[in-house]
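Coordinate inspection notes
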Amino acid sequence: MLYAILCYNDEDTVWSWSKEEDAAVMARLGVVQDRLTRAGKLGPSLRLLPTTAATTLRKTQEPPLVIDGPFAETKEQLLGFYLIDVADLDEALDVARELGAANPGGSYELRPVARFNPDRRSAADA
Amino acid sequence: MTDLAWINAALTAARPQAIGALLRYFRDLDTAEEAFQEACLRALTAWPKNGPPRDPAAWLILVGRNAALDGVRRRGRHEALPPEDVLSDLDDAEAPLAERLDGSHYRDDVLRLLFICCHPELPATQQIALALRIVSGLSVKQIARAFLVGEAAMEQRITRAKARIAEAGTPFETPGAAERPERLAVVAAMIYLAFNEGYSAGDGSTRASLCDEAIRLARLLLRLFQTDPEIMGLTALMLLQHARRAARYDAAGGIILLEDQDRGLWDGKLIAEGLALVDKAMRHRRPGPYQIQAAIAASHARAARPQDTDWAQVDALYAALERLQPSPVVTLNRAVATCKVQGPAAALEMIEPLAARLSGYFHFFGVRAAFLLQLGRKEEARVAFDQAIALANTPAEAAHIRLHLDRIERDSAPAPG
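Residues numbered from 1 in each chain as written. Chains lettered and ligands numbered in written order. Predicted model: local features only at pLDDT ≥ 70, side-chain atom pairs only at ≥ 80, totals over all residues. Heavy atoms only, no water.

Remarks on the layout of surface pockets
Reported here for the second largest pocket is a volume of approximately 1,400 Å³. For the second largest pocket, the lining is made up of 43 residues, of which Ser16(A), Trp17(A), Ser18(A), Lys19(A) and Asp212(B) are closest to its centre. Those elements that place two or more of their residues in the lining of the second largest pocket are helix 2 (19–38) of chain A together with helix 1 (3–26), helix 2 (29–50), helix 8 (140–146), helix 11 (209–224) and helix 13 (268–282) of chain B. Among the elements that make up the lining of the second largest pocket, the one with the highest residue count is helix 11 of chain B (seven residues). Taken together, the residues that form the lining of the second largest pocket break down as 13 nonpolar, 14 polar and 16 charged. (1 Å grid on protein atoms, 1.4 Å probe; cavity = no way out; pocket = protein on both sides within 12 Å on 5 of 7 lines; lining within 4 Å. Points joined across faces, edges and corners; volume = space filled by probe spheres on them. Helix = DSSP H or I, 4+ residues; strand = E, 2+ residues; numbered from the N terminus. Nonpolar A, V, L, I, M, F, W, Y, C, P; charged D, E, K, R; others polar.)

Here is the structure:
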């Protein structure tokens, strides 16, 4: 069963990590990711740039409004996500706990995936 | 990362907002700083035990304010407030405070704090030092290293700067619609100066950390003023310039010009963020100097190879910058692009009128010499290169010019045998 693990954290804090701290967190997450990859459980994952670089298209009016910044002003922001292929919620929680131990602060939201379209860019190029 | 490292990052991140709010409350910089310091000490004992609070800044403001008031009350033999480990368990005590802090208060607190550091009576280097100390929370030792001065001298500078600000009086009133953009412009200029202090020092030196800090402050400012295109431009400009840091110097510390840099060493993450911000800023159709400079940097960042650079666009952008912010240095930079589009004769003609005003400027003679060389006027080029060396600011700059002189010598020497 496919789960998305949505990573939320206070981006002011995360972007205040020193380069060394950031590299150490990435290295620890890398260990967990490698293990999941070998087990055939890790799909695409990504880390997002700060919400200051975000733009939001609000469809509350016609034509839709383009707004600078993220969709919602929140204490913790969506900073990235993983897609994992696991047996059930318990296993998804195990993965999230493992990632959480490698990554200080924040929360993970586990959301089952309704539909997954793989990246088809390379196929279109060929 | 240990819990302690996370707590330190959280304290650093919360610092501008917390000190800004405490300053609004106490109207005294020293009291605000001391209150924050006290709150940090208590956080270091309370947070590992109780877990970090949901809103670190609100916690620090509440605890810092109570600690400072407690001190006042103790001195005045009044009743003490409850200890912070009771407070820290009360999530609802934080919530209303955080509520009040959201929105404009918070924005103006941080802006005020930065603006106070930029007092016009202070020289630029003191403004930067003060901002790094108060807003960024760097230690005096770190700042002293960044400015290549002794710790005692830097301590004295900061103390004097603070005294001067206290004398001058602090603008505590909430800025009006007219003052806010003025304050923002002053703060932006200070942040860009801090960046340039680090940028001119080169990668790997302790001064280069100023670039990271300037970018962090710019992102903070942008979080507060999400729709300001010039703050987007400033942030993008610094990101795009900083992206080249690993490619700007060779192993011996020699300067590598943009055209000769290994573009594979450019930081793709910083470029992506910078380009996104340039795109966002352009949508506002309110061009400003930072946006235009960022757009120039973006033109270079978009070119996979030097020959892919859209020099006509760079030339047009510099022309726009010249109109908005006329300066001989801008014209000099424009001439480099003009040389690529129209050739060295037109470029030389463009910079000749600048000679009187730029007679003490290293880059003027370096650029002039390069144009002369392209026109085959070797003797004049040699003279200009010599003038450039005499004005070089760093050994790396002088060494770079010597390379050109050596090349002229080699080319003019009679063929061997």
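On we go.
Notes on the packing of helix 15 (residues 311–324) of chain B against helix 16 (residues 328–342) of chain B
All names here are of chain B. Two elements in contact, helix 15 and helix 16, have axes separated by 8 Å at closest approach and are oriented at 155°. Between helix 15 and helix 16, the interaxial angle falls into the category roughly antiparallel. Note on packing geometry: the crossing formed by helix 15 with helix 16 is left-handed. Residues Trp 311, Ala 312, Val 314, Asp 315, Tyr 318, Ala 319, Leu 321 and Glu 322 of helix 15 touch helix 16, and the partners they reach there are Val 330, Thr 331, Asn 333, Arg 334, Ala 337, Thr 338, Lys 340, Val 341 and Gln 342. Classifying every residue of the contact of helix 15 with helix 16 by side-chain character gives nine nonpolar, four polar and four charged. (Axes fitted to C-alpha atoms, helices over the stretch in contact; angles between N-to-C directions. Parallel < 35°, antiparallel > 145°, perpendicular 65-115°, else oblique. Left-handed = near helix turned anticlockwise from the far one by under 90°. Contact = heavy atoms within 4.5 Å.)

Points about the confidence of the model for chain B
Residues and elements named next belong to chain B. In this model, chain B carries a mean pLDDT of 87, and residues with pLDDT of at least 70 account for 90%. For chain B, per-element mean pLDDT is lowest for helix 5 (residues 91–101), which scores 49, and highest for helix 14 (residues 289–302), which scores 98. In this model, residues 85–93 is a region of pLDDT below 50 whose contacts with residues beyond four sequence positions or in other chains number nine contacts. Scoring the predicted complex yields pTM 0.88 and, for the interface, ipTM 0.90. (pLDDT = per-residue confidence, 0-100.)

Side note on the environment of Met350(B)
Mapped onto the fold, Met350(B) is located in helix 17 (residues 344–351). With sequence-adjacent residues up to four places away left out, Met350(B) is seen in contact with Thr331(B), Arg334(B), Ala335(B) and Thr338(B).

Things to note about helix 3 (residues 89–102) of chain A
Think of an α-helix as turning once every 3.6 residues; residues three or four places apart then point the same way. Residue and element names in this part refer to chain A. With 14 residues, helix 3 extends 20 Å from end C-alpha to end C-alpha; this agrees with the ideal 20 Å at 1.5 Å per step. Contacts made by the buried residues of helix 3 are with strand 1 (2–9), helix 2, strand 5 (77–85) and strand 6 (107–112). Where helix 3 begins, the side chain of Asp 88 points an oxygen toward the backbone nitrogen of Asp 90, at a separation of 3.3 Å. (Expected span 1.5 Å × (residues − 1). Polar contact = N/O pair within 3.5 Å; in protein donor to acceptor, adjacent residues only side chain to side chain.)

Considering the interface of chain A and chain B
Interfaces are often sized by the amount of accessible area the parts lose when they come together. Counting from both sides, the interface comprises 27 residues of chain A and, opposite them, 26 residues of chain B. Summed over both partners, the interface of chain A with chain B buries about 2,500 Å², with 52% contributed by carbon and sulfur atoms. One salt bridge in this structure joins Arg223(B) and Glu11(A), with 3.0 Å as the shortest N-O distance. Scanning the region where chain A abuts chain B turns up nine residue pairs in polar contact (both at pLDDT 80 or more). Sorting elements by how many residues they give to the side of chain A that touches chain B places helix 2 of chain A first, with four residues. Residue classes in the side of chain A that touches chain B are distributed as ten nonpolar, eight polar and nine charged. (Buried area = accessible area lost by both parts, 1.4 Å probe. Salt bridge = Lys/Arg side-chain N within 4 Å of Asp/Glu carboxyl O.)

As for the pattern of salt bridges
Residue and element names in this part refer to chain B. What the rule picks out here adds up to 30 salt bridges over all chains. A salt bridge links Glu 38 to Arg 42; the shortest N-O distance between them is 3.0 Å. Separated by four residues within a single helix, Glu 38 and Arg 42 lie in helix 2, roughly one turn from each other. Three or more residues joined by partner-sharing salt bridges are found here, namely Arg 15, Asp 30, Glu 33 and Lys 162.

Digging into the sheet that holds strand 1 of chain A
Residues and elements named next belong to chain A. Spatially, four strands are ordered 2-5-1-6 in an open sheet, and the strand pairing comes out antiparallel. Of all the strands in the sheet, the pair left with one neighbour each is strand 2 (42–47) and strand 6. Recorded for the sheet is a direction-independent mean angle of 20° between the axes of neighbouring strands. Taken together, the six bridges between strand 1 and strand 6 define a ladder with antiparallel strand orientation. Bridged to Ala 4 within strand 6 is Arg 111. The strands that helix 3 touches are strand 1, strand 5 and strand 6; relative to strand 6, the one it contacts most, it runs at about 155°. (Pairing = 2+ DSSP bridges.)

Some words on the side chain of Gln126(B)
Residues and elements named next belong to chain B. Note on placement: Gln 126 falls in helix 7 (residues 124–134). Judged by its relative accessible area of 13%, Gln 126 falls in the buried class. Setting aside anything within four residues of it in sequence, one finds Gln 126 in contact with Arg 157 and Ala 161. (Buried < 20%, exposed > 50% of the residue type's maximum accessible area, 1.4 Å probe, protein only.)

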